[in-house]
Amino acid sequence: MNGNPSDHPNVAWERLPWKKLEVAVYRMQKRIFQASKRGDTKTVHNIQKLLMKSEAARLLAVRRVTQDNQGKKTAGVDGVKSVPPAERLKMVEAIHPKQTEHRKPKPLRRVWIPKPGKHSSIKHKDKYVLDADIAGCFDNICHEALLSKLNTYPQMSRLIKGWLKAGVLDGFQFSSTEAGTPQGGVISPLLANIALHGLEGTIVTAYRDKDEPQVIRYADDFVVLHPTEEGIQKAQTIAASWLKNMGLELKPSKTKVSHTLKTHQGNVGFDFVGFTIRQFPVGKTHTGKNSYGKPLGYKTIIKRSQESHQRTYDESRREDTSTQSGSPRDTRTRSQSHHTRLDQLLPYRGE
């Protein structure tokens, strides 16, 4: 290699003051939050513009997508699977607002991935459950409602609208995107979370203080827990009405009312993002206890769902097929490692 080794793009990229860049971006984000909290929309938009132009923000954005993100080695429509430091530095300049303003967004390459997750909220009391399923959430979010909710400055609004309308490629099949946030883009989960933000608060504030339900949402999956069936039915009505404003609806075939301890409408317990949550009647020696130490007469068990087990098995089979040099022991080790990682997500077992 010719020249000073310190001038090599790999070295230049690694030697960037990442901590200082993170602090600078955090300060701008904090100013946006503070201005938004006091209702100063003009200041919010001005700082958003500064943030988009900021080299610190652009450097961190490129690092997140090309280096930190789990999908950094997944190719998009351009076929690029990984980006070396020299190209990352070029990307930093390419995403400056001046460069993106008149650039037409490319369609996304759709890659289907499983959903991870965790959940614990019922260990001290048995409850009714609204196990809700939003019908095609990522595909049906109303663009106009989402853009209105973002309430950002015009240039940013046009950019995001361009991403939303860019379409997706599923293999060689192109599909337009007149609604929804196409899965496969790094910003899609964020936009979906923005679209669904406020759902939990709307449900909870409709009840009296001591009668509030517990609402737990992970991306587009959510459950509502309440001591009474009437409370659950009320939550379902509120949720359906709120979702309608975002162009969404609950899927009747997958939305059900259950109970954590006893059979209700043929259902008992519930599955939530890869885990089965259920309570079982037990004797004195195995019972769980409430926050005051009083025996409950049942035990809460949270374990991986059958679907999650099957997904892990299928993944290990695919790995075994694709890795010709891997021995059966290698495959078993990979599978066991995956089980261990998921088991570590379990926040509560037993009492």
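See the structure printed just above.
So, a few notes on the structure that sits alongside this text.

Cut-offs applied
- Residues numbered from 1 in each chain as written.
- Predicted model: local features only at pLDDT ≥ 70, side-chain atom pairs only at ≥ 80, totals over all residues.
- Heavy atoms only, no water.
- Axes fitted to C-alpha atoms, helices over the stretch in contact; angles between N-to-C directions.
- Helix = DSSP H or I, 4+ residues; strand = E, 2+ residues; numbered from the N terminus.
- Parallel < 35°, antiparallel > 145°, perpendicular 65-115°, else oblique.
- Left-handed = near helix turned anticlockwise from the far one by under 90°.
- Contact = heavy atoms within 4.5 Å.
- Buried < 20%, exposed > 50% of the residue type's maximum accessible area, 1.4 Å probe, protein only.
- Lys, Arg positive; Asp, Glu negative; His and termini not counted.
- Salt bridge = Lys/Arg side-chain N within 4 Å of Asp/Glu carboxyl O.
- Pairing = 2+ DSSP bridges.

Looking at the packing of helix α2 (residues 18-37) against helix α3 (residues 41-53)
- It is the contact of α2 with α3, at a shortest axis distance of 8 Å, that shows an interaxial angle of 165°. Here α2 is positioned roughly antiparallel relative to α3, judged by the angle of their axes. With respect to the hand of their crossing, α2 and α3 are arranged in left-handed fashion. Counting all contacts with α2, which are made through V25, M28, Q29, R31, I32, A35 and S36, the residues of α3 involved are T43, V44, I47, Q48, L50 and L51.

Brief notes about the side chain of D133
- Note that D133 resides in strand β2 (residues 128-133).
- Comment: no salt bridge for buried D133; closest opposite-charge side chain is K254, at 5.1 Å.
- Discounting chain neighbours no more than four positions away, the residues touching D133 are E249, L250, K251, K254 and T255.

Here's the deal with the sheet that holds strand β7 (residues 256-259)
- Taken in spatial order, the four strands of this open sheet run β5-β6-β2-β7, and their pairing is antiparallel. Looking at which strands have only one partner, the edges of the open sheet turn out to be β5 (214-218) and β7. If you compare each strand with its neighbour and ignore which way they point, the axes differ by 20° on average.
- Pairing geometry for β2 and strand β6 (residues 221-226), over six bridges, is antiparallel. Note that in β6 the partner of V129 across the bridge is L225.

Re the pattern of salt bridges
- Applying the stated criterion across every chain, the model contains five salt bridges.
- Of the charged contacts, one joins K90 and E87 as a salt bridge, the two residues approaching to 3.5 Å between their closest N and O atoms. With a gap of three residues between them, K90 and E87 both fall in helix α5 (residues 85-94), about one helical turn apart.
- Given a relative accessible area of 36%, E87 falls into the partly exposed group.
- Of the charged contacts, one joins R217 and E200 as a salt bridge, the two residues approaching to 3.3 Å between their closest N and O atoms. Of this pair, R217 sits in strand β5 while E200 sits in helix α11 (residues 199-204); the two residues are 17 residues apart in sequence, bridging distant segments of the chain.

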